[in-house]
Structures are given as C-alpha cells and as structure tokens.
Amino acid sequence: MIHLKLVTLSGVKFDGDVHEVVLPTMTGQIGVLTDHMPLISAATAGIISIRNNPKDTDYQMEHFATFGGVIEVASNNIRVIVDEADNSSEINEAEAKKALDLAIKMKSESKDEISLERAQKLVDRNSIRLQVAQLKRRSRS
Amino acid sequence: MASTIALKRRISSVKNTKQITKAMELVSASKMRRAQENAKKSREYQELAYSLLARLSSIKEVDEHPLFEKRKVENKLYVSITSNSGLAGAYNANSLKILGKSILEDGKNKIDSKVITIGKKGAQFVRRLSGVELFSVYPAFGDNPTPNDIRPILNTILAEYREKKVDEIVIIYTKYKSNLVQEASSLSLLPASKDQSTENLDYKYEFTNFEPSVEGVLDSIAERLLEVQLWQCLLESLASEHSMRMLAMKNASDNANDIIGDLTLEFNTARQAGITRELAEISGGVEALKD
C-alpha cells in the first residue's frame, strides 16, 4: 500500500492508502506502486487513475481530470499538488461535451496567437474532462 | 443639567451612528464568511507547496536555478498587504508594525529595503518612513481577487530577484486563524526558508529522481508555487480584514447602545425635573393667589 494525498486549490480531493496510482507526467504516464523510488516531477494535463485494491479491475479505478502541477513521491507517500482535480462524479458528461464543442469553436475562430493558445488550453482541459466523464459511464455499464 | 432638546439631539445622532456601524457589521459578516471559505480551501495546497519549495531549496543542484540561488542579503523587498479603508480595528496597524520593525532592523544591519504595498493604508504608512524605497503601490483588490490581479506583482518581484536587484522577498500579511484570532505575520517568499514549513519529511534528496530534469521541473512549477504563496497570503489577509472589521463594528454598535442608554436616562431625569419644577411653580402661584 502507498499513501496518496491529492491536494487542489479547492481542498483535499483524496487522502488515503491505495494500491496503484497512474499519473500524467511531462515524460509520459507513470504508474506508482509501493516502494517507488523518490521522485519529483511536473504533472501535465491528463487523468489521474487510482486503483484502491490489487484485485480491482480497470473499470473499478477512480479517475480525476487534472491540469498540471507537481508530483512528489517519497517513502511510500505520494503528494499530488495540482490546481484542479475533478472526480468523474463531479463532471457532467453533457456539460463537458458542450464546453468542449464551444472550446473547439473558439479555437477555429481565434485569430491571434494569444487567443489561439487560450482556446487550445480550453480544448485540452475539456477533452480531458469529457474523457473522465466517459470513463465513468463505461465503468457503470 | 443639560437641556432636554440638546439631549434629544445627541440621542438621535448616536442612533444614526449605530445604524451605520450595524450595517457595516452585517456587510463584513457576510463578506467574511465567503473570504474565510476561500482562504480555508486552498490553505493545505499552499502549505504543501511551501514545504516543497523549502525542501527544494536545500538541494545542491537547485542552487544554480535563478530563483533558488542563495546569496548574501543586501537588498530586501517587502510585500505588505493592507486594506484600502480603515475602521477594521488593529488590522492595518498590526501588520504595519511588523513592517516598520523589520525595516528598522534592516537599517541596523545595513540592508537596503524596498516595499511594494497592496492597499492604500500601507502606502500611506511607508511614504512617511525615511530610508526606505516605496517601490510600487497597488490598491487592494476588492473582495474577489483573481489570479490575474496578482500576476503583475509576481512578475515584478520575480524579475527583481532574477536580476539580483533584491536578495530576499518577504510578504507581510495577516494570517487568519479563527474568527477571533488573526495574527500579523511574515513569510519569506524567496528564498523559501525551512523553519517555517509545517512538516518535515526525512528522506534524502540525493536519491530523488527529477523528471524530466531538475531544471525542467523547477521551470514548470516554481512560478506557479510562488504565485500560490502570494495568492494565499492575499486570501488570508482578506479573511482577517473582514473578521476584524466585523468585530470592530460590533464593538462600536455595542458602545452606541450603552451611550444611548445613558443619555436616555439623563433625558428622562431632566424631563421629570422640569415637570416637578413647573408643578411647584403652579402650586406656589395658587398659594400666593389665596391670600
């Protein structure tokens, strides 16, 4: 077991012992298990997946949509410090879809670099949220 | 004994004052609730981020990064967080006292100090001080500050630090502990100091892996972590300001009530005395007519 603490600007989202955590880092996704080596890494936008028990299937994993921050692994403690992390239950799929469509539309309409960058960020953010929302549906069916 | 008309006027003037302080109390109470919630939510994030910054700065390789470089302190930059308006009890006075003390100490140690103030009251205070540079002045950000509001401040102070114009950056703010306890305190933003971190993980950084690299990690997270520090200080100060203002206004309303009670008593005595005197005069007149 390894202890995970997921801290965001809107409070602690997860605090407990887990079997495995899959984290999005700048160099790709990493899975962290018990006795992982000490690590400090920058997190990117992506999905944090948590497997609570060794026997849980992929469908039973808990997912959070996240958009960058820091990951610190040390002596069987994982600290994930990110700006936002939304659990699949906190995301409404229809709303996420709508937001994604809007972001894509914004991107196609943006003229200068700044607004393009902003729109791209929104597209990334909302596509991840949508993915997480869809993961929830798949796990239910 | 004062005349009844004068007393009546005083009573109504105190009543007006009470209405104002009561209204301000209620406004502050509702603002405080929101500010308090905001401050509490992100506090854990800030504490963890600060302890990470502090631990990062104790690693050898990190020394080369422009934001984590350690050098002899010759120039200090203070960021003082105060409010735009007064009537908040000792809110501004407490944090400015700390600022004044630190600047005095720097003067003794031959350290040049500059100040960035957020909030008008701080600027007024620093302008009166001698031997300190008022670097820039920002108004307080209102009740719902956004991260975009603090961006310019952060960019300025980081640029100053990178260009080695300042060697230490200290934020002076008011820490919100509870509705009744707020504490003016200072937080050294750069370099992050270890003794203030709330927790200690004892493990060796020699074995820690940085992915993709030390610079890569620091470049992508350092500014964000620092931004959160300033942000949280702002939120804590805001919560403190509102709860101190609420308390000050509550005391003012209570005092007004006491004064109204005293004045009413005096007014009634004066009125009764007048009635008694008139009765005595009338009965005296009747006695005189009888003869």
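Residue indices begin from 1 for each chain and proceed along its sequence in written order. Each chain gets a letter, beginning with A, and each ligand a number, beginning with 1, in the order they are written. Totals for whole chains, interfaces and linings use all residues, but because this is a predicted model, local features are given only for residues with pLDDT of at least 70 and pairs of side-chain atoms are given and counted only at 80 or more. The side-chain figures draw on all heavy atoms in the structure; neither hydrogens nor water molecules are used.

With respect to the packing of aromatic side chains
No. 1: Pairing of aromatic rings covers Phe, Tyr and the six-membered ring of Trp, with a centre-to-centre limit of 6.5 Å; geometry is then stacked below 30 degrees between planes, edge-to-face above 60, and tilted otherwise. Considering all chains together, one arrives at one aromatic pair over all chains under this definition.
No. 2: Two conditions define a charge located above a ring, namely a distance within 6 Å from the ring centre to NZ of Lys or CZ of Arg, and an angle within 35 degrees of the ring normal. Looking at Arg125(A), its charged tip hangs above the ring of Phe67(A), at a distance of 5.1 Å from the centre.
No. 3: Arg71(B) extends its terminal NZ or CZ atom over the ring of Tyr161(B), reaching a point 4.5 Å from the ring centre.

Things to note about the interface of chain A and chain B
No. 1: By the convention used here, residues are in contact when the closest approach between their heavy atoms is within 4.5 Å. Residue-level contacts link 26 residues of chain A with 25 residues of chain B.
No. 2: The buried area of a pairing is the accessible area, by a 1.4 Å probe, that goes missing from both parts when the two are put together, added over both. Both faces considered, chain A and chain B share a buried interface measuring about 2,200 Å² in area, 66% of it formed by carbon and sulfur atoms.
No. 3: We define a salt bridge as a contact between a side-chain nitrogen of Lys or Arg and a carboxyl oxygen of Asp or Glu at a distance within 4 Å. Here chain A is connected to chain B by two salt bridges.
No. 4: Between Glu44(B) and Lys5(A) there is a salt bridge, with the nearest N and O atoms lying 2.7 Å from each other.
No. 5: Polar contacts, as counted here, are pairs of nitrogen or oxygen atoms within 3.5 Å of one another; within protein the pair requires one atom able to donate a hydrogen and one able to accept it, and residues that are adjacent in sequence qualify only if both atoms are side-chain atoms. Linking chain A with chain B are five residue pairs in polar contact (both at pLDDT 80 or more).
No. 6: Elements supplying a minimum of two residues to the side of chain A that touches chain B: β1 (2-8), β2 (11-18), β5 (39-51), β6 (62-74) and β7 (77-82) of chain A. The helix count covers DSSP runs of H or I at least four residues long, the strand count covers runs of E at least two residues long, and both are numbered beginning at the N terminus.

Notes on the domain arrangement of chain A
Residue and element names in this part refer to chain A.
No. 1: Its domain assignment divides chain A into domain 1 (2-88) and domain 2 (91-140).
No. 2: Where a domain begins and ends is set by an automatic assignment or by a domain database. Averaged C-alpha coordinates put domain 1 and domain 2 at centres separated by 22 Å.
No. 3: On the side of domain 2, 10 residues touch domain 1, which itself brings 13 residues to the contact.
No. 4: Counting the surface lost from both domain 1 and domain 2, the interface buries some 1,000 Å², and carbon and sulfur atoms represent 70% of this.
No. 5: Taken together, the elements giving at least two residues each to the side of domain 1 that touches domain 2 come down to β5, β6 and β8 (85-87).
No. 6: Lys, Arg, Asp and Glu make up the charged group, whereas Ala, Val, Leu, Ile, Met, Phe, Trp, Tyr, Cys and Pro make up the nonpolar group; the residues left over, Gly among them, are polar. Considering only residue class, the side of domain 1 that touches domain 2 consists of six nonpolar, five polar and two charged.

Some remarks on empty space enclosed by the protein
A probe matching the size of a water molecule, rolled over the atoms, marks out where space remains unfilled.
All names here are of chain B.
No. 1: Here a cavity means grid points, on a 1 Å grid over the protein atoms only, where a 1.4 Å probe fits yet cannot get out; a pocket means an open set of points with protein on both sides within 12 Å along at least five of seven lines; lining residues are those with an atom within 4 Å of a point. Grid points are joined across faces, edges and corners, and a volume is the space filled by probe spheres set on the points. Inspection of every chain in the model, using the stated rule, returns three cavities of 30 Å³ or more.
No. 2: The computed volume of the largest cavity comes to approximately 80 Å³.
No. 3: Around the largest cavity, the lining residues are Ile 81, Thr 82, Tyr 91, Ile 118, Ala 140, Phe 141, Gly 142, Pro 145, Leu 234, Ser 237, Leu 238 and Glu 241.
No. 4: With four residues, helix α6 (residues 214-290) is the single largest residue contributor to the lining of the largest cavity.
No. 5: Class assignment of the residues belonging to the lining of the largest cavity gives a composition of eight nonpolar, three polar and one charged.
No. 6: Quantified by volume, the second largest cavity comes out at close to 50 Å³.
No. 7: Lining the second largest cavity are Lys 31, Arg 34, Ala 35, Asn 38, Asp 143, Asn 144 and His 242.

Quick look at a negative patch on the surface
No. 1: Patches were defined on residues exceeding 30% relative accessible area and lacking a salt bridge, with like-charge contacts within 9 Å and nonpolar side-chain contacts (Val, Leu, Ile, Met, Phe, Trp, Tyr) within 5 Å. For the area figures, the Shrake-Rupley method with a 1.4 Å probe applies, and any residue is considered shielded solely by the protein chains shown. For the purpose of counting charges, residues Lys and Arg are taken to be positive, whereas Asp and Glu are taken to be negative. His and the chain ends are not included. Where a charge lies is defined by one atom per residue type: Lys uses NZ, Arg uses CZ, Asp uses CG and Glu uses CD. Residues Glu61(B), Glu64(B), Glu215(B) and Asp219(B) make up a contiguous surface patch of negative charge.
No. 2: Here Glu61(B) lies in the loop between α2 (43-56) and β1 (75-81).

Observations concerning the layout of surface pockets
No. 1: Roughly 1,200 Å³ of volume is contained in the largest pocket.
No. 2: Phe67(A), Asp83(A), Glu84(A), Lys121(A) and Arg224(B) are the residues nearest the centre of the largest pocket, which is lined by 33 residues in total.
No. 3: Elements that contribute at least two residues to the lining of the largest pocket include exactly β5, β6 and α2 (113-140) of chain A together with α5 (147-162) and α6 of chain B.
No. 4: A domain split of the lining of the largest pocket shows at least three residues from each of domain 1 (2-88) and domain 2 (91-140) of chain A.

Some details on the side chain of Thr66(A)
Residues and elements named next belong to chain A.
No. 1: When you line up the elements, Thr 66 lands in strand β6.
No. 2: From its side chain, Thr 66 meets the backbone oxygen of Glu 84 in a polar contact 3.2 Å long.
No. 3: Other than its neighbours up to four places away in sequence, Thr 66 contacts Pro 24, Thr 44, Ala 45, Gly 46, Ile 48, Val 82, Glu 84 and Ile 128.

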